[in-house]
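Structural overview for review
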Amino acid sequence: MEQRSIGDCDGLTFWLAQPEDYDAVMGISDNVHRGYDYLPHRYHSWLTEPNRVVILAKTEGKLVALESGLVVDEGHTVVVEGLRVCPSERGKGVAGIIQRFTDQYIRQLYPTVRVKWLTRGEDPGPEKLAKFTVLDRRAIISLCVKAENFDGFLSDLKVKLDPEPRLMCLDEEEQLRGLLLDSALGSRLQLPGGAMIIDWQPLKPIESNLKALQRHNPTWLVDRLMSPTFLSIHTPPYPIPYNGGAFRFNIDLFGTSQALARLALVSHLERVRDKIQGVVCIFVYMHRSLWKGMFEYCEGMTGVQSVNLYWEQLFLERPL
Ligand SMILES: CC(C)(COP(=O)(O)OP(=O)(O)OC[C@H]1O[C@@H](n2cnc3c(N)ncnc32)[C@H](O)[C@@H]1OP(=O)(O)O)[C@@H](O)C(=O)NCCC(=O)NCCS
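What counts, and at which threshold
- Residues numbered from 1 in each chain as written.
- Predicted model: local features only at pLDDT ≥ 70, side-chain atom pairs only at ≥ 80, totals over all residues.
- Heavy atoms only, no water.
- Core = buried A, V, L, I, M, F, W, Y, C linked by side-chain atoms within 4.5 Å.
- Buried < 20%, exposed > 50% of the residue type's maximum accessible area, 1.4 Å probe, protein only.
- Helix = DSSP H or I, 4+ residues; strand = E, 2+ residues; numbered from the N terminus.
- Domains from an automatic or database assignment.
- Contact = heavy atoms within 4.5 Å.
- Axes fitted to C-alpha atoms, helices over the stretch in contact; angles between N-to-C directions.
- Parallel < 35°, antiparallel > 145°, perpendicular 65-115°, else oblique.
- Left-handed = near helix turned anticlockwise from the far one by under 90°.
- Nonpolar A, V, L, I, M, F, W, Y, C, P; charged D, E, K, R; others polar.
- 1 Å grid on protein atoms, 1.4 Å probe; cavity = no way out; pocket = protein on both sides within 12 Å on 5 of 7 lines; lining within 4 Å.
- Points joined across faces, edges and corners; volume = space filled by probe spheres on them.
- Polar contact = N/O pair within 3.5 Å; in protein donor to acceptor, adjacent residues only side chain to side chain.
- Patch = residues over 30% accessible without salt bridge, like charges linked within 9 Å, V, L, I, M, F, W, Y side chains within 5 Å.
- Areas by Shrake-Rupley, 256 points an atom, 1.4 Å probe, with all protein chains shown as cover.
- Salt bridge = Lys/Arg side-chain N within 4 Å of Asp/Glu carboxyl O.

Ranked by internal contacts, the top residues of the largest apolar core, which has 50 residues, are Phe14, Val25, Ile106 and Cys281. Take this core: its biggest share by element is six residues, from helix 3 (residues 94–109). Built from parts of two domains, this core gets at least three residues from each of domain 1 (7–113) and domain 2 (137–315). The residues contacting Phe14, other than those within four sequence positions of it, are Ser5, Ile6, Gly7, Asp8, Cys9, Ile55, Leu56, Ala57, Ile97, Ile98 and Phe101.

The subject of this paragraph is the packing of helix 5 (residues 147–159) against helix 9 (residues 258–272). Remark: helix 5 packs on helix 9, axes separated minimally by 10 Å, with the N-to-C direction vectors making an angle of 150°. In terms of orientation, helix 5 and helix 9 fall into the roughly antiparallel class. Relative to helix 9, helix 5 is oriented so that their crossing is left-handed. Mapping the contact onto sequence places Phe150, Phe153, Leu154, Leu157 and Lys158 in helix 5 and Leu265, Val266, Leu269 and Glu270 in helix 9. A class-by-class count of the residues in the contact of helix 5 with helix 9 yields seven nonpolar, no polar and two charged.

Here we come to the layout of surface pockets. The calculated volume of the largest pocket comes to roughly 1400 Å³. In terms of lining residues, the largest pocket is bounded by 42 residues, among which Leu83, Ala95, Arg120, Glu122 and Pro124 are the most central. Its residues assigned to classes, the lining of the largest pocket shows 17 nonpolar, nine polar and 16 charged. Taken together, domain 1 (7–113) and domain 2 (137–315) each give at least three residues to the lining of the largest pocket, which thus spans both.

So, on to the side chain of Lys116. Along the chain, Lys116 falls in strand 6 (residues 115–120). Side-chain polar atoms of Lys116 contact the side chain of Asp103, separated by 2.9 Å.

A few words now on a nonpolar patch on the surface. Residues Met168, Leu225 and Met226 make up a contiguous nonpolar surface patch of roughly 290 Å² in combined accessible area. When its relative accessible area of 36% is taken as the criterion, Leu225 is described as partly exposed.

Using the criterion set out here, one finds 17 salt bridges in the structure. A salt bridge links Lys204 to Asp73, with the shortest nitrogen-to-oxygen separation between them at 3.8 Å. A residue pair is termed long-range when its members are at least 10 positions apart, and Lys204 in the loop between strand 10 (201–203) and helix 8 (210–214) and Asp73 in the loop between strand 4 (62–72) and strand 5 (77–85) qualify at 131 residues. Since its relative accessible area comes to 27%, Lys204 is described here as partly exposed. The partner of Glu312 in a salt bridge is Arg137, and the shortest N-O contact between them spans 2.9 Å. Residue Glu312 is found in strand 16 (residues 304–319), and its partner Arg137 is found in strand 7 (residues 133–146); the two are separated by 175 residues along the sequence. Glu312 sits in the buried class, given a relative accessible area of 16%.

Encoded structure:
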């Protein structure tokens, strides 16, 4: 059946993304996020994800932009992700047009949505930031390691590890539910804006978001099962276009203990060591107070390349 556009504005027509648009979407994604782009891996699953819309903007049949939104928090919040504009059309306001269209499309489809959340890896500057409330700024450590150096890296980290603390893996669903739905969790872990950010996607740990959280296939570590003061998450490594093809491995740390943050890094890396092949780019997201200690911990390792010295993840909000 022929597809119908869902609207038009300023010379652009808008369409719901289809599986067959994949190549065109990849065609406008060259070097997006410097090759650490998650969209090639997620595109198809986004198209079938409940409460998500993926919108394409075209002109004369040619794809020029993409934006996506996932409605969460029982319909109160939309998390927008994936924004990109075809390189030849950048600087002409297209990003503003597709975002405004997506906002109004989401308002129409989900009239209860009041708030828009997004994360950014680049500070857009004071003028653009003025349109948002900055809910948090998290620090990022990014490291690239070849598979053949991975075990050596892990051993070097282990040597520098404080033997005292322990972390346990949360794999029982009921335990996980109880822990996540504890209303004191946010303040105890200093969750950014009250949310857990998994692989750049902020989600409040509330009942209606549990499925969306679990869709990331996360591995959860905590310092204790009752009232934890530290929690960390990794999602399985996935392929990215970086440098002709690499893997991306994301670890999100919540809590402020330096010793537990170091142990969490080692524990998460250990859990994926059998899956590492080619080159893996490891991204660790954390409370800013942890960055210096974590950077020193990872500094000067043989065969490990630091991608950015200091890097921040901004968590932004604005009314829809
Ligand atoms: C960042 C990018 C989407 C900007 O697109 P663009 O069409 O060239 O942006 P323009 O400066 O012409 O558009 C200006 C409008 O877009 C908004 N905008 C620009 N960059 C933005 C960003 N990173 N996030 C959100 N909005 C952005 C501006 O606020 C402005 O909005 P307004 O019209 O409401 O005032 C584009 O350069 C791109 O695709 N880059 C690679 C992918 C990327 O970095 N995506 C963003 C992070 S997910």
